[in-house]
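Listed here are the chains, written in short residue letters.
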Amino acid sequence: MDWIINLFYADTNGVAHTVLLFCIAIAIGIPLGRIKVFGISLGITLVLFVAILLGQLGFSVNGNVLHFVKEFGLILFVFTIGLQVGPGFFASFKKGGMLMNGLAASVVLLGVLLTIVFHFLTGIPMPTMVGVLSGAITNTPGLGAAQQALAEIVKTNPEATDGAIERLAGTLGQGYACAYPLGVVGIILSLIVVRAVFKISLDKETAAIKALEKEQGDTSAAISLEVQNPAIIGKKISEITRLFSRPFVISRHRRGENAPTVATGDTVLAAGDRLFVIVFKEDAEMVGAFFGKVINWGVEDWEHIKSAIVRRRIIVTRENMNGRPLSRLAAYTAMGVAITRINRAGVVQVASPTLRLQIGDRVNVVGPEHAVNEVEKVLGNELKRLDHPNLVSIFLGIALGVFFGSIPFAVPGLSQPLKLGLAGGPLIIAILISCWGYKSHLVTYTPIAANLMIREIGILLFLASVGLGAGDGFLQAVIGGGYWWVLIGFCITTVPLLVVGFVARGVFRLNYYSVMGLVAGATTDPPALAYANSVAQNEAPNVAYATVYPLTMFLRVLTAQLLILVFCS
């Protein structure tokens, strides 16, 4: 039986021992997280507490391995979130991102204010309070930044004694470990309280978010027009497009009782011609007035008329088309093909010659069947090609993210430069390459199932690592006076979130799922985001999280260092 003892306790540096502990924590934590108490479950957050229990029972893992797994799991989690929400990130920022970032900044500033108040009321040293603050809002980069700032202060202090850095850094870590577990619970509890106070119906929130996604995602409109403007009668469509400043695509053309045909640049318009046109919603009235008048015809009216025209949605799967402009398909226009709309990650765009294609784009094509078949061959439309994740782009993006997160940004008045860290850097790079990676011919499309798998593995490894690291000595720290740190941390967690949550919902009427993502992003808390995703079953929390995360991470790192520099110098 000695081999069992060695496997579980003695061989703490062994691979088998490490893998076994991680698997036990995750395998037990996931089913426990599905258990509902008063209709509420904590989801995969229970992995953290199972890991803490294992640590308290004496199980341990090599510190270097634990640190690597924790950081790499966090990188995988935030990077896949960035890939998923990136295509719609900047559009969402324009449609309320300033408000969300303002609310998130308020959460940060309220937490800092409470930390200063408790420091003066209780006399707890500021290094310990910064550790409590970092644990209360589950922000590890802030803890690391504070430790670095503290080390620099001690090194430059001639009166510092041997071991001072270790002792002060230890108080930071103890405060963090004590506040972290209830910090995770407090964040989720704040979301539950907001839901209860405003009596929020998840069904109504889901319906509202679907309506909003439909409105914001599809910015195009299809209208039927009758040509009456004398200025365009007798002119080719290619000439008319130069006369009008707003983009539009004429999909189909019908003259008299003839069958509809696909409009091309050489089509000459006559009075009374009917057109099926794709425009941006805000331009619909203007385009209608330019051509003549809008007639009450929809897509179904055009399709009920017998003609040789077919309409097909084709998915871009060929890598040689990634980053290519739509003008690359101009040769097929002469064959009677019209490309009307592009659906990219749920965002619908009106086709234009300069719009560049990306792998995974869904292209609406109208034209004669033989010509549409030719376009289909060029674009691919082979779904099996999308089943395989593009691992080169993933690991290249992570490498760029780690490099970017390691760049020091000098701030006047601070002895230590600021860094976005291993979470902020990969998240920002993932958003950028998912939006514009095609310009460098990077294929960033990742199947949803693969994205979710990588995301879940990342967050589970992160939670298990944090729990195993905080478990050893956790109970002793709480009994030895750390319970005050726990209570103070709980206040620092919940009070700012409840205040901002009530304002976001009660004053600004934000959707509850967006509030959940806002709260998770304002606390840079992956477990809270995982809980929000399990409740929402849509991308609204992820979009809100990614919208506020970069600014929040910067503010968390900045304020943690400022508190040390101001109160400990």
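Conventions we followed
Residues numbered from 1 in each chain as written. Predicted model: local features only at pLDDT ≥ 70, side-chain atom pairs only at ≥ 80, totals over all residues. Heavy atoms only, no water. Helix = DSSP H or I, 4+ residues; strand = E, 2+ residues; numbered from the N terminus. Buried < 20%, exposed > 50% of the residue type's maximum accessible area, 1.4 Å probe, protein only. Contact = heavy atoms within 4.5 Å. Areas by Shrake-Rupley, 256 points an atom, 1.4 Å probe, with all protein chains shown as cover. Axes fitted to C-alpha atoms, helices over the stretch in contact; angles between N-to-C directions. Parallel < 35°, antiparallel > 145°, perpendicular 65-115°, else oblique. Left-handed = near helix turned anticlockwise from the far one by under 90°. Nonpolar A, V, L, I, M, F, W, Y, C, P; charged D, E, K, R; others polar. Pairing = 2+ DSSP bridges. Phe/Tyr/Trp six-rings, centres within 6.5 Å; stacked < 30°, edge-to-face > 60°. Patch = residues over 30% accessible without salt bridge, like charges linked within 9 Å, V, L, I, M, F, W, Y side chains within 5 Å. Salt bridge = Lys/Arg side-chain N within 4 Å of Asp/Glu carboxyl O. Lys, Arg positive; Asp, Glu negative; His and termini not counted. Charge placed at Lys NZ, Arg CZ, Asp CG, Glu CD. Core = buried A, V, L, I, M, F, W, Y, C linked by side-chain atoms within 4.5 Å. pLDDT = per-residue confidence, 0-100.

1. Let's talk about the overall build of the protein chain
Here comes step 1: Counting its secondary structure elements, the protein chain contains 20 helices and nine strands.
Here comes step 2: The 569 residues of the protein chain split such that 51% are buried.
Here comes step 3: Put simply, 80% of the contacts in the protein chain that link residues at least 6 apart link residues at least 24 apart.
Here comes step 4: Of the accessible surface of the protein chain, which amounts to about 25,500 Å², a share of 63% is contributed by carbon and sulfur atoms.

2. Quick notes on the packing of helix α3 (residues 46-56) against helix α16 (residues 448-471)
Geometry of a packed helix pair, given as the angle between the helix axes and the separation of the axes.
Here comes step 1: Direction vectors running N to C along α3 and α16 enclose 30°, while the axes themselves pass 7 Å from each other. As judged from the angle between their axes, α3 and α16 are roughly parallel. α3 and α16 meet at a crossing whose hand is right-handed. Taken together, the residues of α16 that come into contact with α3 (itself represented by V47, L48, A51, I52, L54, G55 and Q56) are L460, L463, A464, V466, G467, L468 and G471.
Here comes step 2: Its residues assigned to classes, the contact of α3 with α16 comprises 10 nonpolar, four polar and no charged.

3. Here we look at the pairing of strand β2 (residues 248-254)
Here comes step 1: Most of β2 sits inside the fold, with seven of its seven residues counted as buried.
Here comes step 2: Bridge count between β2 and strand β4 (residues 274-280): six bridges; the pairing is antiparallel. Considered in β4, the bridge of I250 is made with V277.
Here comes step 3: In this structure, β2 lies alongside strand β3 (residues 261-262), joined through two bridges in antiparallel fashion. In the sheet register, H253 faces β3, and the bridge partner there is T261.
Here comes step 4: Linking β2 back to β3 in an antiparallel pair, the connection comprises six residues, with G256 at a positive phi of about 60°.

4. Here's the deal with the packing of aromatic side chains
Here comes step 1: By the definition in use, this model includes six aromatic pairs.
Here comes step 2: Ring centres of F120 and F567 lie 6.1 Å apart, and the angle between their planes is 65°; on these two criteria the pair is classed as edge-to-face. Taken together, the residues F120 in helix α4 (residues 63-122) and F567 in helix α20 (residues 540-568) connect sequence positions 447 residues apart.
Here comes step 3: We classify F120 as exposed; its relative accessible area is 59%.
Here comes step 4: The partly exposed category is assigned to F567, whose relative accessible area is 31%.
Here comes step 5: Both rings, one in Y512 and one in Y513, keep their centres 6.4 Å apart while their planes meet at 50°; by these two values the pair is tilted.
Here comes step 6: Taking the relative accessible area as the measure of exposure, Y513 reaches 1% and is therefore buried.

5. Examining a positive patch on the surface
Here comes step 1: Residues R324, R328, R356 and K439 make up a contiguous surface patch of positive charge.
Here comes step 2: Mapped onto the secondary structure, R328 falls in the loop between β6 (309-315) and α12 (330-333).
Here comes step 3: Judged by its relative accessible area of 47%, R328 is partly exposed.

6. A closer look at the packing of helix α2 (residues 15-33) against α16
Here comes step 1: Where α2 contacts α16, the two axes come as close as 10 Å, and the packing angle between them is 110°. Here α16 runs roughly perpendicular to α2, going by the angle between their axes. Between α2, through F22, A25, I26 and I30, and α16, the contact on the second element is made entirely by L460, L461, A464, S465 and L468.
Here comes step 2: Classifying every residue of the contact of α2 with α16 by side-chain character gives eight nonpolar, one polar and no charged.

7. Some details on the nonpolar core
Here comes step 1: Counting residues in each nonpolar core, the largest one holds 96 residues, and the members touching the most others are V130, I492, Y513, M516 and L518.
Here comes step 2: If you look at the next biggest cluster of nonpolar residues, it comprises 25 residues, including V249, L357, V365 and V372.

8. Some details on the confidence of the model for the protein chain
Here comes step 1: With 82% of its residues at a pLDDT of at least 70, the protein chain reaches an overall mean of 80.
Here comes step 2: Mean pLDDT values over the elements of the protein chain span from 58, in α12, up to 93, in helix α18 (residues 512-522).

9. Quick notes on a nonpolar patch on the surface
Here comes step 1: Judged by side-chain polarity, F120, L562, V566 and F567 come together as a nonpolar surface patch covering roughly 390 Å² of accessible area.
Here comes step 2: When residues in the nonpolar patch are grouped by element, the largest group, three residues, is from α20.

10. Here we look at unusual backbone geometry
Here comes step 1: We note that N381 has phi near 55°; this positive angle belongs to a residue other than glycine.
Here comes step 2: Mapped onto the fold, N381 is located in the loop between α13 (369-379) and α14 (391-405).
Here comes step 3: For T524, which is not glycine, the phi dihedral falls at a positive 45°.
Here comes step 4: Structurally, T524 is set in the loop between α18 and α19 (526-536).
Here comes step 5: Judged by its relative accessible area of 4%, T524 falls in the buried class.

11. As for the environment of I28
Here comes step 1: Along the chain, the position of I28 falls in helix α2.
Here comes step 2: Taking the C-alpha atoms as reference points, I28 and I44, 16 residues apart in sequence, are found 10.0 Å from one another.

12. Things to note about the pattern of salt bridges
Here comes step 1: This model, assessed by the stated rule, comprises six salt bridges.
Here comes step 2: Note that R318 is salt-bridged to E382, the shortest N-O span being 3.7 Å. Of this pair, R318 sits in the loop between β6 and α12 while E382 sits in the loop between α13 and α14, and the two are 64 residues apart along the sequence.
Here comes step 3: According to the relative accessible area criterion, R318 is partly exposed, its value standing at 28%.
Here comes step 4: Judged by its relative accessible area of 33%, E382 falls in the partly exposed class.
Here comes step 5: For K377, the salt bridge identified is with E374, shortest N-O distance 3.7 Å. A residue pair is termed a helical-turn pair when its members lie 3 or 4 positions apart in one helix, as K377 and E374 do in helix α13 at three residues.
Here comes step 6: Owing to a relative accessible area of 32%, E374 belongs among the partly exposed residues under this scheme.

13. Here's the deal with the side chain of E205
Here comes step 1: Within the fold, E205 resides in helix α8 (residues 202-217).
Here comes step 2: By relative accessible area, which is 8% here, E205 ends up buried.

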